Amino acid sequence: MIERNLTQLFNPRSIAILGASRDEKKIGHIVLKNIVNSGYRGKIYPVNPNAANLEGMTCYADYKDLPEIPDLAILSIPAEMAVTLLEPIAKKGTKNILIFSSGFKEIGKKGVYLENNLRLEAQKHNLNLLGPNCLGFVNTSINLNATFCRASGVAGNLRFISQSGALASGIFDWAKHHQIGFSEFITLGNKTVLGENDILHYWLSKTQKPVVSDGLSNYQPIGMYLESIDSGREFLNLVSEISITDPIFILKPGKSTQAQQAMRSHTGSMAGDNAVQKEAFKEAGAILCEETEDMFDLARVFSLENSPKGPKVGIVSNAGGPAVMSVDMLEKEGMRLASLSKETLQKLRQKLPAAASIINPVDIMGDALADRYNEAVNAVLSDKGVDALLVILTPQVMTEIETTAEFIGKLAKEYQKPVICSFMGEDMVDKGEEILNNHKIPSFRFPERAIKALAKMWQWRLGVESRRLKVKSPVKTKLLAKNTIGKINNLIKFAKKDDRSALTSLESDKILNLCGIKTPKFAVVKNLSEAKKFAKAHGWPVVLKISSPDLLHKTDRGGVVLNVDSPAKLELAWKKINQTVSRLSKKSSCAIFIQKQVTDGVEVIVGIKSDKSFGNVFMFGAGGVLAELLADVNLKLLPVDERGVVELISRSKISPVLNGFRGRKSYASKKLVETIVKLSNLAESVPFFEELEINPIIVTKKDAWAVDGRMILNSAISL
């Protein structure tokens, strides 16, 4: 990816507006007025051949007539005209373009054609093009509102990227109501040239953070609404680096199963797109918003409060019910109640009525006036064992809502600990909430949402050190030897020559062996006599299997017979397996093979799928016929080393069994880890697989055996 210099785009010293208009309903007029009214101090050049003067400024008939080279050209003109004007704008010397115009790929075939031409023109002249079909951007550090909506001009520390202009308008209105300020807000539109990675590169390259008002957090948090992610690996690398110092939270639609492409293997069906996305964001340190309200909540708390230094929360409430419900929510979200010190309990005992509960959560009772809130909040915040405080207020007849809010604001500033409020209600608490907004205290109408947001802050802080280590010392793949890769590619070429999308079991086993992964002894057998000879040579029990690219799930379709432990059972198994062969398509190339059965082991599944956004993703869980029943899905992005594999296995439901459940002897987990690392090296060394899977790997007391390999090829590959 080319790293672009976007400083002049978002910090222009001069702006030309093509399509500037005297019609107040047109975007070209609205954006001109917004730029002027926002207090922008640079030069503004309206361009319109049908006007001599606009908003007291000279209007130019043609871009080439401008007295200087503008840093930024804003286009509010029809789509076809926007494409044709890029060349004269570029010839003038302007390198930064913002296009509001719609009518591109979002309208269908004709729009796709226009947008391709727009992209080619931008690439030809090396232009930084934002949009088209976007709302523009805001940069409060230079008092610039280059949008056509009522954007909040309040300076703050929040940065935002949105692929939706309509959502951006809603965020601006919400932010104004809650007195939340932005440093920069950028809408992407169709992302013809500039996308989220370009913006993140730009922000990462900025060495000096903007100066913002007191009462805000120490962060420059980033919120994102993205309908698609381009160059997913690059995106995750950027997010990983930024999230070491600044929190990132993302809302991305398309989580439903209807929005996901169906896969044929266990790995593909179990490790769906949403699960992969969630794991990818988690590893990079980004917070995935489950719903729109989450995004608004996190924007508020990260903008106004620093993350708690620990998970211990104090609660002060004038209502027992909401306090108890909050305790349940704390546990659910991975936080816990703080244990108050003896000194704190003594203070509370002295200041509160005898009927009040001084044990956290502190219930100061429904008749609490502002001074009682003041005493309780002061005592709990002064306790060194309290990392954060939740204050719950329900509006009783005597409740002094505004005065209570003032006390909370002053105490929060004094103690410099995260304080989050839940003033429950509507009209009665509005003024109190407004006072909290003035004091930069985040407030929620329901305590559960407050706790959920607080927990996300703690989880983000908890992962900072691991992300810092990951960025400093990234995992490197140990690539396979060139001659090994050559042999594997030859097997793949053979499959592609037969126009097959999947390898046979025998081909898969050969590749696993080439990678140093152990498979049980096996042989292709043409008749019952050969099968009996194999069993006699290698011992009972044995397994009969069909090797066919059309039979990925053998157990479900009678393609495997287990526990064959005698000649009589072998004869029955032979008849059964041949009946299955007779039902397969005659065009399908298949073979019967016999395999030494591995006994007395634990079955696990290991799979790797190629995700279109984030590359190879590794899945681990309980295997065999229980794989989908237990849904023991644990994911990690490649590359992965032994430490990463051990961590992933520890998350699984099958981990206690592998480690010796209830005093039993443990299984060969080290051998399992080695096998998984070898499979991941295969996926990273040979980029032609859509999915790789071993189900099951049977882990015995001494070893790990890859019993059944499945390999699906990427349909787009050509060798």
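Residues numbered from 1 in each chain as written. Predicted model: local features only at pLDDT ≥ 70, side-chain atom pairs only at ≥ 80, totals over all residues. Heavy atoms only, no water.

Residues of the protein with pLDDT of at least 70 account for 94%, and the chain-wide mean is 92. Contacts for the low-pLDDT stretch residues 258-271, under 50 throughout, to residues beyond four places or in other chains number 47 contacts. (pLDDT = per-residue confidence, 0-100. Contact = heavy atoms within 4.5 Å.)

So, about helix α13 (residues 370-382). Given a rise of 1.5 Å per residue, 13 residues ought to cover 18 Å, and the 18 Å separating the end C-alpha atoms of α13 matches this to within 8%. Burial in α13 covers these residues: A370, R372, Y373, A376, V377, A379, V380 and L381. (Helix = DSSP H or I, 4+ residues; strand = E, 2+ residues; numbered from the N terminus. Expected span 1.5 Å × (residues − 1). Buried < 20%, exposed > 50% of the residue type's maximum accessible area, 1.4 Å probe, protein only.)

Attention shifts here to the pattern of salt bridges. By the definition in use, this model includes 34 salt bridges. With a shortest N-O distance of 3.5 Å, E293 and R449 are connected by a salt bridge. Of this pair, E293 sits in helix α10 (residues 292-304) while R449 is found in helix α16 (residues 447-462), placing the two residues 156 residues apart along the sequence. For R449, the salt bridge identified is with D294, shortest N-O distance 2.7 Å. Residue R449 is found in helix α16, and its partner D294 is found in helix α10; the two are separated by 155 residues along the sequence. Looking at R449, the relative accessible area reads 16%, which means it is buried. Residues joined by salt bridges that share partners form a network here, namely E291, E293, D294, D297, R449 and K452. (Salt bridge = Lys/Arg side-chain N within 4 Å of Asp/Glu carboxyl O.)

So, about α16. Here α16 is 16 residues long and its end C-alpha atoms lie 22 Å apart, about the 22 Å a rise of 1.5 Å per residue gives. Of the residues making up α16, those classed as buried are P447, R449, A450, I451, A453, L454, A455, M457, W458 and W460.

The subject of this paragraph is the pairing of strand β21 (residues 542-547). Within β21, 6 of the 6 residues are buried, leaving the element largely enclosed by the surrounding structure. Every second residue of β21 is oriented toward a common face, with V542, L544 and I546 on one face and V543, K545 and S547 on the other, all of them buried. Where β21 lies against strand β22 (residues 560-564), 3 bridges are found, and the strand directions are antiparallel. Its bridge partner being in β22, L544 is matched across the sheet by V561. Pairing of β21 with strand β23 (residues 591-596) involves 6 bridges; the strand directions are antiparallel. Residue pairing for β23: V543 is matched across the bridge by Q595. (Pairing = 2+ DSSP bridges.)

Attention now goes to the packing of helix α20 (residues 528-538) against helix α21 (residues 567-583). Between α20 and α21, whose axes approach to 11 Å, the crossing angle comes to 135 degrees. Classified by the angle their axes make, α20 and α21 are oblique. In this structure, α20 crosses over α21, and the sense of that crossing is right-handed. Contact residues: α20 offers L528, A531 and K532, while α21 offers L570, E571 and W574. Each residue belonging to the contact of α20 with α21 can be placed in one class, and the counts come to 4 nonpolar, no polar and 2 charged. (Axes fitted to C-alpha atoms, helices over the stretch in contact; angles between N-to-C directions. Parallel < 35°, antiparallel > 145°, perpendicular 65-115°, else oblique. Left-handed = near helix turned anticlockwise from the far one by under 90°. Nonpolar A, V, L, I, M, F, W, Y, C, P; charged D, E, K, R; others polar.)

On to the sheet that holds β21, then. Taken together, the 4 strands give an open sheet; going across it, the order is β20-β23-β21-β22, and neighbouring strands pair in antiparallel fashion. Strand pairing shows two members of the sheet lacking a second neighbour, β20 (522-524) and β22, which therefore form its edges. Along the sheet, successive strands turn relative to each other by an average axial angle of 20 degrees, direction set aside. By the bridge criterion, 3 bridges tie β20 to β23 in an arrangement that is antiparallel. For V524, the partnering residue across the bridge sits in β23 and is F593.

So, about a nonpolar patch on the surface. Taken together, the side chains of V625, L626, L629 and L630 define a hydrophobic patch exposed on the protein surface, amounting to about 400 Å² of accessible area. If you trace the backbone, L630 turns up in helix α22 (residues 627-630). (Patch = residues over 30% accessible without salt bridge, like charges linked within 9 Å, V, L, I, M, F, W, Y side chains within 5 Å. Areas by Shrake-Rupley, 256 points an atom, 1.4 Å probe, with all protein chains shown as cover.)

Let's shift gears to the side chain of N634. Summarising the element assignment, N634 is placed in strand β26 (residues 634-637). For N634, a relative accessible area of 8% corresponds to the buried category.

Take the sheet that holds strand β2 (residues 43-47) next. What links the strands of a sheet is backbone hydrogen bonding, and the strands pair in either a parallel or an antiparallel sense. Across the sheet, which stays open at both edges, the 5 strands sit in the order β2-β1-β5-β6-β7 with parallel pairing between neighbours. Sheet topology places β2 and β7 (128-130) at the edges, where each strand pairs with a single neighbour. Shown here is a sheet whose adjacent strand axes are inclined to one another by a mean of 20 degrees, direction ignored. Pairing of strand β5 (residues 72-75) with strand β6 (residues 96-99) involves 4 bridges; the strand directions are parallel. Residue pairing across strands places I74 opposite L98, the latter belonging to β6. Sheet contacts for helix α2 (residues 27-37): β1 (14-18), β2 and β5; angle to β1, the most-contacted strand, approximately 160 degrees.

A few words now on the packing of aromatic side chains. For the structure shown, the criterion picks out 16 aromatic pairs. Pairing F160 with F185 gives two aromatic rings, centres 5.0 Å apart and planes at 10 degrees, and the pair type is stacked. With F160 in strand β10 (residues 155-162) and F185 in strand β11 (residues 182-187), the pair connects residues that are 25 residues apart, well separated along the chain. With relative accessibility at 1%, the residue F185 sits in the buried group. Centre to centre, the rings of F522 and F593 are 6.1 Å apart; their planes meet at 75 degrees, and the pair counts as edge-to-face. (Phe/Tyr/Trp six-rings, centres within 6.5 Å; stacked < 30°, edge-to-face > 60°.)

Right, let's get into unusual backbone geometry. At the junction of G131 and P132, the peptide bond is cis and its omega measures out at -5 degrees in the coordinates. Residue position: P132 is located in the loop between β7 and β8 (136-139). The linkage connecting N695 with the following residue, P696, adopts the cis geometry, with an omega of 5 degrees. Among the structural elements, P696 can be located in strand β27 (residues 689-699). A positive phi angle is found at N133, which is not glycine, with a value near 60 degrees. Looking at the element boundaries, N133 is found in the loop between β7 and β8. Given the relative accessible area of 30%, N133 is considered partly exposed.

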